[in-house]
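Take a look at the letters that make up each chain.
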Amino acid sequence: MLIRCCKIATIVAASVLLLVGCWPAASTTAQVNATRAQSFQPDAAGFEKQVAPVISESCGGCHNDRNAAGGLNLGLFQEAVTLISRRDEWEVIVRRIEAGEMPPDGAPKNSAQLGALVSFLKREFERADRLVKPDPGRIVARRLNRVEYQNTVRDLLGVSYRADREFPRDDEGEGFDNIADLLSISPLLAEKYMSAAAAIAAKAMGTETLPKPTEFGYMANSDPKIRKHAEALIYYGQEAWLLDASTLEFRHHVDYSGEYRVRIDMAGSRGKNGAPVKLGLWMDGKLLESRLIETKTPTFEGFGMYPYWGLDTKLVLPQGDHTFRLSIIGDDIAKQMTPDVAFNPRRNIFPYGIKFFGPFPAQMESESRKRILICDPKLGAACTRRIVRNLARRAFRRPVANAEVAALLRFVNAAETPEQGIQNAIRAMLVSPHFLFRIERDPNAQQNVHKISDIELASRLSYFLWSSMPDDELLRLAEAGRLRAPGVLAAQVKRMIADPKSVALAENFAGQWLQLRNLDSLRPDAEKFPDWGVELREAMKTETRMFFEYVLRENQPVTDFLNAGYSFLNERLAKHYGIANVTGPDFRRVELTTNERGGITAHGSVLAVSSYPTRTSVVLRGKYILDNIFNTPPPPAPPNVPVLDEAAVGSSASLRKQMEAHRANPACAACHNKLDPMGFALENYDAIGRWRTLDGKFPVDASGTIPRGKSFTNPAEFRAALVAKTPEFAQALTEKLMVYALGRGLERFDKPTITAIQPKLAASEYRFQVLVQEIVNSLPFQARRGDVLQVDARK
């Protein structure tokens with residue numbers, strides 16, 4: 001038996017080690033372009049007439065051989081051929097002229113000439129692009145990132161594995177952690193894959209050895225309302241959220257399926273005449289147990305301070321991430337109490353904490369085993385082969401060859417029992433390159449641009465919308481070659497968006513696009529912002545996630561991101577925002593009746609991640625808008641930038657006054673003229689998103705002008721000014737979503753695709769699902785470039 005296990009481990013290890021450093025690098029755009037003959041001939045006469053005079057008269061004084069301001073020497077841009085050789089730099093120049101940044105204030109500026117220059121250059125770029133053959137780009141073999149790995153394991157085997165905790169952090173590029181070029185495998189990650197495969201296979205087959213029972217628990221957070229009563233009981237576990245006087249909620253990862261002994265702690269009483277109430281315990285929205293309990297003063301009073309007592313029960317809990325809620329059902333009495341009364345244990349009863357002790361063996365067949373064992377392995381080799389083939393097809397996300405099944409069956413045959421053999425085969429699948437990587441083939445090495453197969457398209461689609469493997473319906477359509485049949489792909493996109501698994505797009509795309517993941521590491525100053533805590537942080541994340549999901553699933557216009565008249569709140573977050581008549585811990589859509597809130601720029605999550613721990617930041621918020629709303633990030637700040645006088649902010653001078661003095665420096669003005677107005681537009685919100693009218697002792701001045709846009713005097717007018725720039729926002733969102741969908745950065749040859757999507761999006765009134773459909777239908781999403789460098793080398 002030991003020899004057989006060693007053989008299996010050796011084979012598995014070899015499979016993993018083959019992955020390290022063996023995948024070819026992608027052909028770079030520069031290399032590909034170098035192999036192509038240039039068919040575009042710039043309009044030299046037009047260049048001499050429309051461009052050269054402007055460069056000489058308006059720009060040459062600062063950008064020349066002797067004084068290359070900003071590192072730009074326009075003496076190198078005097079000939080029309082530079083429209084080919086320096087295309088990227090010319091595009092930057094056009095953007096800066098359009099933004100009003102060049103020429104700077106005080107320099108000679110002829111608006112008519114500048115407009116003619118921009119129009120000429122854009123026409124030339126468009127003419128050049130029309131002559132370029134369509135290029136979908138090329139993506140290398142793409143490793144599953146941590147989120148994709150754990151989601152795929154979940155959907156394949158029904159096992160919850162915390163890859164985000166067990167694996168090293170994935171490298172990020174282009175703002176996302178699913179960029180193929182950066183997803184390599186280090187020796188450490190290879191070792192992690194080995195141990196993960198063994199653990200996951202054992203969990204899936206229910207053969208893992210349960211550890212010695214241990215205790216873990218959660219208690220109500222030390223809310224200021226109850227802190228004076230609670231400090232003596234802070235002795236176990238982690239914080240839970242006391243959502244109201246009747247409800248305690250927490251999230252927990254159950255490592256092992258099994259039976260657990262549960263102790264529910266209650267605090268307080270309603271006196272000698274208190275009526276019984278019903279206490280319920282839910283897991284993931286399902287009621288596990290309910291019990292009628294007394295609210296009269298119990299005979300035991302905890303620690304001599306106030307009534308404290310407990311209830312005991314036993315529960316069978318499945319392995320995985322779960323949300324638990326402990327709540328008094330239909331407790332109208334508590335809802336009518338003021339906080340001082342509701343959290344007074346001498347006058348009210350409320351759930352205070354919960355402890356779990358386990359795991360213990362339980363007589364239960366896991367959902368994982370039911371999913372894997374589609375027939376009884378004891379029936380013989382035919383059943384075992386069927387099980388292995390089914391698992392391999394789903395794990396590799398494609399039909400599997402007989403030889404592949406035979407190779408996996410060798411793991412089965414090396415074991416003492418069929419079930420143990422199936423577990424070994426699962427372990428081998430989980431370290432196979434065909435599981436860990438999304439591999440796309442070039443069927444003909446001589447073929448340059450070609451459509452990817454339906455099988456490959458199914459994986460692209462599922463990892464785009466679900467961050468996980470294709471489900472059976474999608475995979476069956478792909479295997480039958482019907483995914484591109486009229487109407488089928490569009491119907492699948494709509495079905496997949498409606499599926500709960502599309503929450504992955506909110507968590508992984510929006511979580512990175514809007515930088516929501518940064519909330520977890522945010523630590524606002526506790527003295528300045530005592531209201532900040534886990535409950536408020538999670539509420540902010542939930543608001544933005546649910547908002548994104550709603551815009552996606554309800555096919556709302558993407559302009560809702562800029563200025564929606566609704567949001568998703570619970571009582572805790574509504575109070576933070578100063579919004580009345582929202583009660584209870586559950587989130588719901590709330591219509592906004594004032595101009596203080598609207599769109600994501602007024603979400604607490606966005607405002608918090610774009611602030612410093614001690615105060616707001618005009619620069620961070622302005623940069624956030626430029627980067628995430630318009631996809632025009634400013635350049636990095638120069639070295640030795642003078643810092644603000646933190647002690648003076650809000651006391652002897654407003655933040656705006658200090659920033660105006662900073663902007664007076666010509667070296668700083670170029671960037672800050674763009675950054676500051678949009679940052680000042682959000683100054684009515686403090687560093688954790690609360691509405692304010694004073695910056696310390698100075699009135700907030702939120703006025704400004706969007707570059708090349710409208711002026712505003714308050715956040716509501718600022719949001720209206722953003723909506724007026726919907727085309728620019730729509731293009732920026734298209735670019736961001738395209739990067740995420742493709743798993744690579746955008747290149748110049750992608751620009752025609754981005755441009756072609758815009759009129760279709762506008763014609764739909766900017767509906768979000770139209771954007772998703774257009775990306776899925778695009779050439780870069782449905783095709784790939786062959787290894788053109790090798791082809792050219794043979795020529």
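This report concerns the structure included in the present document. None of the values given here were measured: they were computed from a predicted structure.

### With respect to the environment of Ser290
Relative to the elements of secondary structure, Ser290 occurs in strand S7 (residues 286–293). Not counting chain neighbours up to four residues away, the residues in contact with Ser290 comprise Lys278, Leu279, Gly280 and Ile329.

### Observations concerning the pattern of salt bridges
Counting across every chain of the model gives 51 salt bridges. The salt bridge partner of Arg537 is Asp520, with a shortest N-O separation of 3.9 Å. With Arg537 in helix H23 (residues 534–553) and Asp520 in the loop between helix H22 (503–513) and H23, this residue pair connects regions lying 17 residues apart in the sequence. By relative accessible area, Arg537 is classed as buried at 16%. Its relative accessible area of 37% is what places Asp520 among the partly exposed residues. Here the salt bridges do not stand alone but share partners, grouping Arg138, Glu440, Asp442, Arg460 and Arg784 into one network.

### Description of unusual backbone geometry
Of note, the bond from Gly358 into Pro359 is cis; its omega dihedral lies within 30 degrees of zero at 10°. Tracing the sequence through the fold places Pro359 in strand S11 (residues 349–360).

### What to know about the packing of helix H10 (residues 187–205) against helix H17 (residues 418–430)
Where H10 meets H17, the axes come as close as 8 Å, and the angle between the chain directions of the two elements is 140°. Judged on the interaxial angle alone, H17 and H10 are oblique. Helix-helix and strand crossings are classified by hand; for H10 and H17 the assignment is right-handed. Between H10 and H17, the residues in contact are Ala197, Ala198, Ile200, Ala201, Ala202 and Met205 and Glu419, Ile422, Gln423, Ile426, Arg427 and Leu430, respectively. By residue class, the composition of the contact of H10 with H17 is 9 nonpolar, 1 polar and 2 charged.

### Things to note about the environment of Arg719
Its location among the elements puts Arg719 in helix H30 (residues 715–723). Classification of Arg719 as buried rests on a relative accessible area of 3%. Apart from residues lying up to four places away in sequence, Arg719 is in contact with Leu562, Asn563, Asn595, Glu596, Arg597, Gly598, Thr601, Ala602 and Tyr685. Of note is the side chain of Arg719, whose polar atom sits 3.4 Å from the backbone oxygen of Arg597.

### Structural notes on H10
A rise of 1.5 Å per residue sets the reference length of H10, with its 19 residues, at 27 Å; its end C-alpha atoms lie 28 Å apart and thus fit the reference within 8%. Those residues of H10 that sit buried are Leu189, Ala190, Tyr193, Met194, Ala196, Ala197, Ile200, Ala201, Ala202, Lys203, Ala204 and Met205. Trailing H10 by a residue or two, Gly206 shows a phi angle of about 70°, which is positive.

### A word on the packing of aromatic side chains
One pass over the full model with this rule turns up 33 aromatic pairs. Residues Phe176 and Tyr740 carry aromatic rings whose centres are separated by 5.6 Å and whose planes lie at 65° to one another, so their mutual orientation is edge-to-face. With a gap of 564 residues between them, Phe176 in the loop between helix H9 (163–166) and H10 and Tyr740 in helix H31 (residues 726–742) connect regions that are remote in the sequence. One exposure class covers both Phe176 and Tyr740, and it is buried. Ring geometry for Tyr550 and Phe568: centres 5.4 Å apart, planes at 55°, overall tilted. Note that Tyr550 is positioned in helix H23 and Phe568 in strand S14 (residues 566–569), a separation of 18 residues in sequence. Owing to a relative accessible area of 7%, Phe568 belongs among the buried residues under this scheme. Its end group placed over the ring of Tyr566, Arg589 keeps NZ or CZ at 4.1 Å from the ring centre.

### Here we look at the state of the cysteines
Here the structure, examined in full by the defined rule, presents 1 disulfide. Not engaged in a disulfide, the cysteine Cys59 finds its nearest cysteine sulfur in Cys62; these two sulfurs lie 8.5 Å apart.

### Topic: the environment of Pro53
Its place among the elements puts Pro53 in helix H4 (residues 52–59). For the pair Pro53 and Gln113, spaced 60 residues apart in the sequence, the C-alpha separation amounts to 8.9 Å.

### Thoughts on the pairing of strand S4 (residues 247–254)
Summarising burial for S4: 7 of the 8 residues are buried, a large majority. Here S4 pairs with strand S10 (residues 320–329) via 8 bridges, running antiparallel. Paired with His253 across the bridge in S10 is Asp321.

Calculation rules
The residue numbers shown here count from 1 along each chain, following its written sequence. Local features in a predicted model are, by the rule used here, given only for residues with pLDDT of at least 70; side-chain atom pairs are given and counted only at 80 or more, and totals for whole chains, interfaces and linings are based on all residues. Side-chain metrics in this entry use all non-hydrogen atoms of the structure; hydrogen atoms and water are not considered. A run of H or I in DSSP becomes a helix once it reaches four residues, and a run of E becomes a strand once it reaches two; helices and strands are each numbered from the N terminus. We call two residues contacting when some pair of their heavy atoms lies within 4.5 Å. The term salt bridge refers to a pairing of a side-chain nitrogen on Lys or Arg with a carboxyl oxygen on Asp or Glu at a separation within 4 Å. Accessibility here uses a 1.4 Å probe with only protein chains present; expressed as a share of the type maximum, an area under 20% marks a residue as buried, one over 50% as exposed, and anything in between as partly exposed. Note on definitions: angles span 0 to 180 degrees between N-to-C directions of axes, and those axes are lines fitted to C-alpha atoms, for helices only across the stretch in contact. If an angle is under 35 degrees, it is roughly parallel; if it is over 145, roughly antiparallel; if it lies from 65 to 115, roughly perpendicular; otherwise it is oblique. Note on convention: the crossing is left-handed when the near helix lies turned anticlockwise from the far helix by less than a right angle, right-handed when the turn is clockwise. In this classification, the charged set is Asp, Glu, Lys and Arg, the nonpolar set is Ala, Val, Leu, Ile, Met, Phe, Trp, Tyr, Cys and Pro, and all remaining amino acids, among them Gly, are polar. Here a polar contact is recorded for every N or O atom pair within 3.5 Å, except that within protein the pair must consist of a potential hydrogen donor and a potential acceptor, and residues adjacent in sequence are included only if both atoms are side-chain atoms. The span one expects for a helix is its residue count, reduced by one, times 1.5 Å. Geometry of aromatic contacts follows a simple scheme: Phe, Tyr and Trp rings, the Trp one being its six-membered ring, pair when their centres are within 6.5 Å, and the pair is stacked under 30 degrees between planes, edge-to-face over 60, tilted otherwise. Either the NZ atom of lysine or the CZ atom of arginine qualifies as a charge over a ring when it sits within 6 Å of the ring centre and within 35 degrees of the ring normal. Disulfides are defined as pairs of cysteine sulfur atoms found within 2.5 Å of each other. Any two strands with at least two DSSP-identified bridges between them are counted as paired.

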